[in-house]
Amino acid sequence: MSLDNNLESKYDDPYQVPIMVANEKNLKGYGTIVTDFEKEKVEIAPWPVSGKRKLHPGTGSLGGTRSGEFICKWEGDACQAINKGVDDTVYITGRLPTGIQIQNRTHLLVREANYHPDGGQVFFPRDKDPFIALLALPGDDVKPEDFVAFYFDGSFGIQMYTNIWHQAVIPINDRSVFLTKQAASYACVDVDTIDEFGKYLSVPLKL
């Protein structure tokens, strides 16, 4: 997706996403705190059926999981991500707004988020680096004001539940490595806030 590195007049003012410190209470509904990556079991959602008949017991959820390193890093004004649990594709998750210095990253402009209908996804900071998770509760009628930025201090990770809107986690440091695992089907449903609402999400990187 195109990520213009400016606040052009053709776009409405970015939606200012609120930020809060992640804890067990305010993550309720979004996901669970992860303190042990190896022991954390990935939530798997049974394959949906199109008619009134139910799945045969024990089927529709046997695809397993995939795991690997998820590398998040800053290259100039761009935040990049590489999910080695899936492939080695490098993609840009957002850019700094015009006027924000690279040495003092305070906000990130984001236009895309997605959810996985096939299961949850775990992000665990390998080196206890702090990070931001941009999340919204399930629903295909999602709007910019549904998003919340959660600040993690690096002492624990998160498993995002099935159908939770999210972007790749955002590193506070120049480069962070996360351990990740998720349902192997890797189904994604996307929202583009520029196409649908004419505005970016402005995600705070500091409390």
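The sections below set out a description of the structure shown in this document. (Residues numbered from 1 in each chain as written. Predicted model: local features only at pLDDT ≥ 70, side-chain atom pairs only at ≥ 80, totals over all residues. Heavy atoms only, no water.)

**Description of the overall build of the protein chain**
Okay, so step 1: From N to C terminus, the protein chain includes 1 helix and 17 strands.
Okay, so step 2: What you see for the protein chain is a C-alpha radius of gyration of 17 Å, in line with the 17 Å of a compact globule of 207 residues.
Okay, so step 3: Reported as C-alpha extents along the three principal axes, the dimensions of the protein chain are approximately 55 × 40 × 35 Å.
Okay, so step 4: Sorting the 207 residues of the protein chain into buried and exposed places 47% on the buried side.
Okay, so step 5: Pairs at least 24 residues apart make up 76% of the contacts formed inside the protein chain by residues separated by at least 6 positions.
Okay, so step 6: When the accessible surface of the protein chain is totalled, it reaches about 10,400 Å², and 49% of it is carbon and sulfur.
Okay, so step 7: The averaged location of the 28 negative side-chain charges in the protein chain is 6 Å from the averaged location of its 21 positive side-chain charges. (Helix = DSSP H or I, 4+ residues; strand = E, 2+ residues; numbered from the N terminus. Rg over C-alpha atoms; globule rule 2.2 N^0.38 Å. Buried < 20%, exposed > 50% of the residue type's maximum accessible area, 1.4 Å probe, protein only. Contact = heavy atoms within 4.5 Å. Areas by Shrake-Rupley, 256 points an atom, 1.4 Å probe, with all protein chains shown as cover. Lys, Arg positive; Asp, Glu negative; His and termini not counted. Charge placed at Lys NZ, Arg CZ, Asp CG, Glu CD.)

**So, empty space enclosed by the protein**
Empty space among the atoms can be located by rolling a probe the size of a water molecule over them.
Okay, so step 1: Per the stated rule, a full pass over the model turns up 1 cavity of 30 Å³ or more.
Okay, so step 2: Reported here for the largest cavity is a volume of approximately 30 Å³.
Okay, so step 3: Taken together, His116, Gly119, Gly120, Gln121, Met160, Tyr161, Asn163, Ile164 and His166 make up the lining of the largest cavity.
Okay, so step 4: Residue composition of the lining of the largest cavity, by class: 3 nonpolar, 6 polar and no charged. (1 Å grid on protein atoms, 1.4 Å probe; cavity = no way out; pocket = protein on both sides within 12 Å on 5 of 7 lines; lining within 4 Å. Points joined across faces, edges and corners; volume = space filled by probe spheres on them. Nonpolar A, V, L, I, M, F, W, Y, C, P; charged D, E, K, R; others polar.)

**What to know about a nonpolar patch on the surface**
Okay, so step 1: A contiguous nonpolar patch, built from Trp47, Val49 and Leu55 and spanning about 290 Å² of accessible area, is present on the exposed surface.
Okay, so step 2: Mapped onto the elements, Leu55 comes out in the loop between β3 (31-34) and β4 (65-75). (Patch = residues over 30% accessible without salt bridge, like charges linked within 9 Å, V, L, I, M, F, W, Y side chains within 5 Å. Salt bridge = Lys/Arg side-chain N within 4 Å of Asp/Glu carboxyl O.)

**Focus on the environment of Glu69**
Okay, so step 1: In this fold, Glu69 is placed in strand β4.
Okay, so step 2: You can call Glu69 partly exposed: its relative accessible area is 30%.
Okay, so step 3: A sequence separation of 57 residues divides Glu69 from Arg126, and the C-alpha atoms of the two residues are 8.9 Å apart.
Okay, so step 4: For Glu69, the residues in contact, after removing those within four places along its chain, are Ile82, Asn83, Lys84, Gly85, Arg126, Val177, Phe178, Leu179 and Thr180.

**Considering the nonpolar core**
Okay, so step 1: If you look at the biggest cluster of nonpolar residues, it comprises 21 residues, and the most contacted ones within it are Phe147, Trp165, Ile170 and Val203.
Okay, so step 2: Breaking this core down by element, the ones donating at least two residues are β7 (107-110), β8 (112-115), β10 (131-136), β11 (148-152) and β17 (201-204).
Okay, so step 3: Here the element with the most residues in this core is β10; it accounts for 3 residues.
Okay, so step 4: When sequence neighbours within four positions are dropped, the list of residues in contact with Val203 reads Val17, Thr106, His107, Leu108, Val110, Ile132, Leu134, Ala149 and Ile170.
Okay, so step 5: The next biggest cluster of nonpolar side chains, apart from the first, holds 20 residues, and it includes Cys72, Ala81, Phe131 and Val169. (Core = buried A, V, L, I, M, F, W, Y, C linked by side-chain atoms within 4.5 Å.)

**Let's talk about unusual backbone geometry**
Okay, so step 1: Despite not being glycine, Lys128 has its phi angle at roughly 60°, a positive value.
Okay, so step 2: Considering the arrangement of structural elements, one finds Lys128 in the loop between β9 (121-125) and β10.
Okay, so step 3: What makes Lys128 exposed here is its relative accessible area of 59%.
Okay, so step 4: We note that Tyr186 has phi near 55°; this positive angle belongs to a residue other than glycine.
Okay, so step 5: Classification of Tyr186 as partly exposed rests on a relative accessible area of 28%.

Fair warning: the whole summary comes from geometry, so function is off the table for now.
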